[in-house]
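# Descriptive analysis of the structure
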Number of protein chains: 2
Amino acid sequence: MNLLLAINGWDRVIWQERFQKLLPERQVLLAGPEIDPAGIHYAACWKHTPGSLAALGQAKALFSLGAGVDHLMLDPDLPDAPIVRIVDPDLTGRMTEWVVWQCLDWLRQGPLYRRQQAARTWHDDRHQPAAQDVRVGVMGLGVLGLDAIERLRSLRFAVSGWSRSAKQIPGVRTYAGEAGLAAFLAQTDILVVLMPLTPETAGMINETLLRQLARDGRLGGPVLLNAGRGGLQVEADILAALEDGTLKGASLDVFQTEPLPSQSPLWLHPSVMVTPHNAAMSHPDAIAKAIVEQIRNLESGQSLMHVVNRSRGY
Amino acid sequence: MNLLLAINGWDRVIWQERFQKLLPERQVLLAGPEIDPAGIHYAACWKHTPGSLAALGQAKALFSLGAGVDHLMLDPDLPDAPIVRIVDPDLTGRMTEWVVWQCLDWLRQGPLYRRQQAARTWHDDRHQPAAQDVRVGVMGLGVLGLDAIERLRSLRFAVSGWSRSAKQIPGVRTYAGEAGLAAFLAQTDILVVLMPLTPETAGMINETLLRQLARDGRLGGPVLLNAGRGGLQVEADILAALEDGTLKGASLDVFQTEPLPSQSPLWLHPSVMVTPHNAAMSHPDAIAKAIVEQIRNLESGQSLMHVVNRSRGY
């Protein structure tokens, strides 16, 4: 009943300490070639080395340590165990903070007023729209999308949602699937991308999609926010859309290559806000606690929560 | 039953057009030396010339066109008519947008990440606090303070409030008066000032007050937000507090002198966000409609709403 930590790109020791503290009676092992798979019933993963989990024939669950499971899905050699996504109120709240922060920064013309401040210019805009005049469209209606919608509505933004399959949200207009996409985009001033990365959604934020955003909004052009996955977006298309006015601005927390290469024109583009994939950092304390709770529940006969549909990819 | 508009610093003609459209049967006059006070029963004011309303002996109400009535209270020669403050959901919502925007920008380290972006630096902060780790203290629990508190809570900030006289807000810790001020400040990481300007509150945001803010918070020092009135703050004390670390940062929409003089060190201070007194702009359409509604209600025998207590000053 031991736990394997298969982590790349993060500090593994921090995670090992957290889990060991919560599972004092078990071994919490770091993945490596010398690990004996016998007795390992669980793996907690973040960008694990593909193939490195193949020998875990006794695995009862594979847990993701961060939002999204695309890092697991990329591996064709996974053991046949349930894949469990992380749903953590702390992580959800942080993602919503980032989304609302950036929606407000575009609504209230943060880039303009910061430039004016640097020039010591006192000038206000008598045509400043209010939140209720600006339509935010959220793509992806999972736990993250729903929480962002609730808080954006509290701030009086005009919010709608789009998801692959139809979803009802009381008081919110929703659109679904290929058939609903054009109508959704045509009434969206700020597009908030919180979709999972799957073969279907990869590269979906491209020129064709951006050209369908609303042209009649109060911000002087549509704005893109992506806090989902860099693989959802085509950065060359985003840059072209910013150049020709298809987009007014973009706030990006995720990129096709991370860290964002220093030669990327996104870094110094005056209409782009770049954050270093930290919109919703996994907090080891909260995540480890949630995973250990799932392990204990499973062993006491309950079902795992938040199990991924492998064929759907999320 | 005519209406006088006594406005300085704003475009009077826009206001005259709006009111005339809503009151087609009456004269809507612009204040000036040649105006005959006979038949003028109402005045709508923004920074009127002191003394210029003295002759309005028939006045039934003096309306403020923007948030706050300190501009009226400064005039010792007002006619003896009720002073009516503006309470407008549009204006309230805009103020809350500004407050939440700036709270999130400090929470999410906007200044740091914008500097990093300008240097093409990909670096995240593993100690990023969540909203619930940060304590926002709102000074002033009128309509604006209460709305800001509700939306800040929706985003999970830890919110408390202070007002001159005791107020109960379900689920929110409140403090009152001189006796409660020190305890309120000692547990405040982000101080949001939404108080009226009165002889008692003038200059209240000074060195003595700033030194009492929490030193044990998660932001690395307390932050000041003032969207109330410039006269509430002592800018020399704010600058000194930023220099010696008493304050980590400040977002200021209002100033002792407006427009903010170009020689003010606030303009280019790296820890100060300056906006040009536009946190909550009075929108002529919404404000004129609310005032005309009050006039019609009064004339049909109802009471005026939002009448100011002259001795209290708000």
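Structure report, in brief. (Residues numbered from 1 in each chain as written. Chains lettered and ligands numbered in written order. Predicted model: local features only at pLDDT ≥ 70, side-chain atom pairs only at ≥ 80, totals over all residues. Heavy atoms only, no water.)

### Focus: the packing of helix H3 (residues 89-107) of chain A against helix H5 (residues 143-154) of chain A
Geometrically, a packed helix pair is captured by the angle between its two axes and the distance between the axes. Residues and elements named next belong to chain A. With their axes 9 Å apart at the nearest point, H3 and H5 run at an angle of 50° to one another. Looking at the two axes, H3 sits oblique to H5. Of the two possible hands of crossing, H3 and H5 adopt the one that is right-handed. The residues of H5 that touch H3, namely those facing Leu91, Thr92, Gly93, Met95, Thr96, Val99, Val100 and Cys103, are Val143, Leu144, Asp147, Ala148, Arg151 and Leu152. Here the residues of the contact of H3 with H5 sort into nine nonpolar, three polar and two charged. (Axes fitted to C-alpha atoms, helices over the stretch in contact; angles between N-to-C directions. Helix = DSSP H or I, 4+ residues; strand = E, 2+ residues; numbered from the N terminus. Parallel < 35°, antiparallel > 145°, perpendicular 65-115°, else oblique. Left-handed = near helix turned anticlockwise from the far one by under 90°. Contact = heavy atoms within 4.5 Å. Nonpolar A, V, L, I, M, F, W, Y, C, P; charged D, E, K, R; others polar.)

### Some remarks on helix H9 (residues 284-299) of chain B
Residue and element names in this part refer to chain B. Taking 1.5 Å of rise per residue, the 16 residues of H9 would be expected to cover 22 Å, and the 22 Å separating its terminal C-alpha atoms lies within 8% of that figure. Burial in H9 covers these residues: Pro284, Ile287, Ala288, Ile291, Val292, Gln294 and Ile295. Seen along its axis, H9 keeps its buried residues to an arc of 155°; they face one direction. In this structure, the buried side of H9 is in contact with helix H1 (12-22), strand E3 (40-46), strand E4 (61-64), strand E5 (83-84) and helix H3 (89-107). (Expected span 1.5 Å × (residues − 1). Buried < 20%, exposed > 50% of the residue type's maximum accessible area, 1.4 Å probe, protein only. Arc of directions from axis to C-beta.)

### Brief notes about empty space enclosed by the protein
According to the stated counting rule, one finds one cavity of 30 Å³ or more in the structure shown. Quantified by volume, the largest cavity comes out at close to 40 Å³. In this structure, the largest cavity is lined by Tyr113(A), Gln116(A), Gln117(A), Thr121(A), Trp122(A), Trp267(B), Val274(B), Thr275(B) and Pro276(B). A class-by-class count of the residues in the lining of the largest cavity yields five nonpolar, four polar and no charged. (1 Å grid on protein atoms, 1.4 Å probe; cavity = no way out; pocket = protein on both sides within 12 Å on 5 of 7 lines; lining within 4 Å. Points joined across faces, edges and corners; volume = space filled by probe spheres on them.)

### Considerations on the sheet that holds strand E8 (residues 173-176) of chain A
All names here are of chain A. Strands sit in the order E8-E7-E6-E9-E10-E11-E12 across an open sheet of seven strands; the sheet is parallel. Bordering the open sheet on either side are E8 and strand E12 (272-274), each of which pairs with just one other strand. Taking each pair of neighbouring strands and ignoring which way they run, the sheet shows an average axis angle of 15°. (Pairing = 2+ DSSP bridges.)

### A look at unusual backbone geometry
Residue and element names in this part refer to chain A. The peptide bond linking Glu258 to Pro259 adopts the cis configuration, its omega dihedral lying at -5°. With respect to the helices and strands, the residue Pro259 is situated in the loop between strand E11 (249-252) and E12. For His306, which is not a glycine, the phi torsion comes out positive at approximately 65°. Inspection of the secondary structure puts His306 in the segment after helix H9 (284-299). A residue is classified by how much of its surface remains accessible, and His306, at 28% relative accessible area, is partly exposed.

### Re the packing of H3(A) against H3(B)
The geometry of H3(A) relative to H3(B) is characterised by a closest axis approach of 9 Å and an angle of 125° between their N-to-C directions. Viewed along their axes, H3(A) and H3(B) adopt a mutual orientation that is oblique. In the crossing of H3(A) with H3(B), the sense of the turn from one axis to the other is left-handed. Residues Glu97(A), Val100(A), Trp101(A), Leu104(A), Asp105(A) and Leu107(A) of H3(A) lie in contact with H3(B), whose contacting residues are Glu97(B), Val100(B), Trp101(B), Leu104(B), Asp105(B) and Leu107(B). Within the contact of H3(A) with H3(B), the residues separate by chemical class into eight nonpolar, no polar and four charged.

### As for the interface of chain A and chain B
In this complex, chain A contributes 56 residues to the contact, which on the side of chain B involves 56 residues. For the pair chain A and chain B, the summed buried surface comes to about 4,900 Å²; carbon and sulfur atoms form 58% of the total. Here chain A is connected to chain B by four salt bridges. For Arg156(A), the salt bridge identified is with Asp147(B), shortest N-O distance 2.7 Å. Along the contact surface separating chain A from chain B lie 29 residue pairs in polar contact (both at pLDDT 80 or more). Going through the elements one at a time, H3, helix H4 (110-118), H5 and E12 of chain A are the ones with two or more residues in the side of chain A that touches chain B. It is H3(A) that contributes the most residues to the side of chain A that touches chain B, 11 residues altogether. (Buried area = accessible area lost by both parts, 1.4 Å probe. Salt bridge = Lys/Arg side-chain N within 4 Å of Asp/Glu carboxyl O. Polar contact = N/O pair within 3.5 Å; in protein donor to acceptor, adjacent residues only side chain to side chain.)

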